[in-house]
Amino acid sequence: MATPTITTALITSNTSQVAAFAGGCFWGIEHLLRKHFQTTQIIDIKVGYANGKEDIHSPSYKAVCTGATNFAEAVLVSYEPSRVSYKELTEFFFRIHDPTTLNSQGPDVGTQYRSGIYYTTPEQQDVAQRVKDVFQREWYKDSKIVTNIEPLKSFYDAEEYHQLYLHVNKDGYTCPTHFLREKPL
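Residues numbered from 1 in each chain as written. Predicted model: local features only at pLDDT ≥ 70, side-chain atom pairs only at ≥ 80, totals over all residues. Heavy atoms only, no water.

Examining helix H1 (residues 26-36)
Logical step 1: Within the sequence span of H1, burial applies to Phe26, Trp27, Gly28, Ile29, Glu30, Leu32 and Leu33.
Logical step 2: Summarising the contacts, the buried residues of H1 are in contact with strand E2 (17-23), strand E3 (42-50), helix H2 (61-65), strand E4 (72-79), helix H3 (86-95) and helix H5 (165-168). (Buried < 20%, exposed > 50% of the residue type's maximum accessible area, 1.4 Å probe, protein only. Helix = DSSP H or I, 4+ residues; strand = E, 2+ residues; numbered from the N terminus. Contact = heavy atoms within 4.5 Å.)

Below is the structure:
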């Protein structure tokens, strides 16, 4: 697996691992992860842009919104595997967005809003595929899950005003598809 291009201020530790998820507007995904998991489980989260065109480096929000960069709005998560597993994070990811809509979440439409899991190890790839298969079989029997599972190729932090956006802007926009689902649909 090729080494990804990662430009981030993500806080990590000697024992932490990194996970990357895209599920529509990155504000909602970040907010729900921070709200649900303890700081002993998740060390840090950065919102940013993942897996776009290889010849584009450090894309801007404005450029990503055009769809021309092929970057996805994503979160990069530093987590402590002795306190929360990659499987738990992946299951939570499938429960907080609609993985059956192609290139959209709610009213947000475009390739930047696609559903994706970007793994950093072969083990993460295996877990992501197994979790996706369970959710397809048990939660989304009548709709096809369109979540892409692919290696993390690149990640660039979004501009500072996007970080912790819903924490700072309590009345900020939240996608109506970003909520914790308690049971299969």
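From this point, things continue past the structure.
Focus: the sheet that holds strand E8 (residues 148-151)
Logical step 1: The mixed open sheet is built from 7 strands, whose spatial order is E1-E9-E3-E4-E2-E7-E8. Each edge of the sheet is formed by a strand with only one pairing partner; in this case those strands are strand E1 (5-7) and E8. Shown here is a sheet whose adjacent strand axes are inclined to one another by a mean of 30°, direction ignored.
Logical step 2: Note that E2 and strand E7 (residues 115-119) share 4 bridges and pair antiparallel. Across the sheet, the residue bridging to glycine 23 is serine 115, located in E7.
Logical step 3: Relative to E7, helix H4 (residues 122-138) is tilted by about 150°, and along the sheet it contacts E2, E4, E7 and E8. (Pairing = 2+ DSSP bridges. Axes fitted to C-alpha atoms, helices over the stretch in contact; angles between N-to-C directions.)

Re the packing of H3 against H4
For any two helices packed against each other, the geometry comes down to the angle between their axes and how far apart the axes lie.
Logical step 1: Where H3 contacts H4, the two axes come as close as 10 Å, and the packing angle between them is 40°. In terms of their interaxial angle, H3 and H4 are classed as oblique. When you trace H3 past H4, the crossing you get is right-handed. Contacts between H3 and H4 involve Tyr86, Lys87, Thr90, Glu91, Phe94 and Arg95 on the former and, on the latter, Gln124, Val127, Ala128, Val131, Lys132 and Phe135.
Logical step 2: Of the residues contributing to the contact of H3 with H4, the split by class is 6 nonpolar, 2 polar and 4 charged. (Parallel < 35°, antiparallel > 145°, perpendicular 65-115°, else oblique. Left-handed = near helix turned anticlockwise from the far one by under 90°. Nonpolar A, V, L, I, M, F, W, Y, C, P; charged D, E, K, R; others polar.)

Observations regarding the nonpolar core
Logical step 1: Residues Leu33, Val75 and Tyr86 are the most contacted members of the largest nonpolar core, which totals 39 residues.
Logical step 2: Among the secondary structure elements, those contributing two or more residues to this core are E2, H1, E3, E4, H3, E7, H4 and H5.
Logical step 3: Residues contacting leucine 33, with those up to four places away along its chain left out, are Ile42, Ile45, Val75, Val77, Leu89 and Phe92.
Logical step 4: Listed in part, the 10 residues of the second largest apolar core include Leu10, Ala22, Leu152 and Phe155. (Core = buried A, V, L, I, M, F, W, Y, C linked by side-chain atoms within 4.5 Å.)

Some words on unusual backbone geometry
Logical step 1: Positive phi, close to 50°, is recorded for serine 58, a residue that is not glycine.
Logical step 2: A positive phi angle, near 65°, is found at asparagine 70, a position not held by glycine.
Logical step 3: Tracing the chain through its elements places asparagine 70 in the loop between H2 and E4.

A closer look at the packing of aromatic side chains
Logical step 1: The full count for this structure, using the stated rule, is 11 aromatic pairs.
Logical step 2: For the pair phenylalanine 71 and tyrosine 156, a centre-to-centre distance of 5.8 Å together with 70° between the ring planes defines the contact as edge-to-face. A residue pair is termed long-range when its members are at least 10 positions apart, and phenylalanine 71 in the loop between H2 and E4 and tyrosine 156 in strand E9 (residues 154-157) qualify at 85 residues.
Logical step 3: Relative to phenylalanine 135, the ring of phenylalanine 94 has its centre 5.3 Å away and its plane inclined at 25°; by these criteria the two rings are stacked. On the criterion of sequence distance, the pair formed by phenylalanine 94 in helix H3 and phenylalanine 135 in helix H4 is long-range, its members being 41 residues apart. This pair shows no difference in class: phenylalanine 94 is buried, exactly as phenylalanine 135 is.
Logical step 4: Each member of the aromatic cluster is reached from another via a ring pair, and the members are Phe21, Tyr79, Tyr86, Phe93, Phe94, Phe135 and Trp139.
Logical step 5: Between arginine 181 and the ring centre of phenylalanine 179, over which it is positioned, the NZ or CZ distance is 4.1 Å. (Phe/Tyr/Trp six-rings, centres within 6.5 Å; stacked < 30°, edge-to-face > 60°. Lys NZ or Arg CZ within 6 Å of the ring centre and 35° of its normal.)

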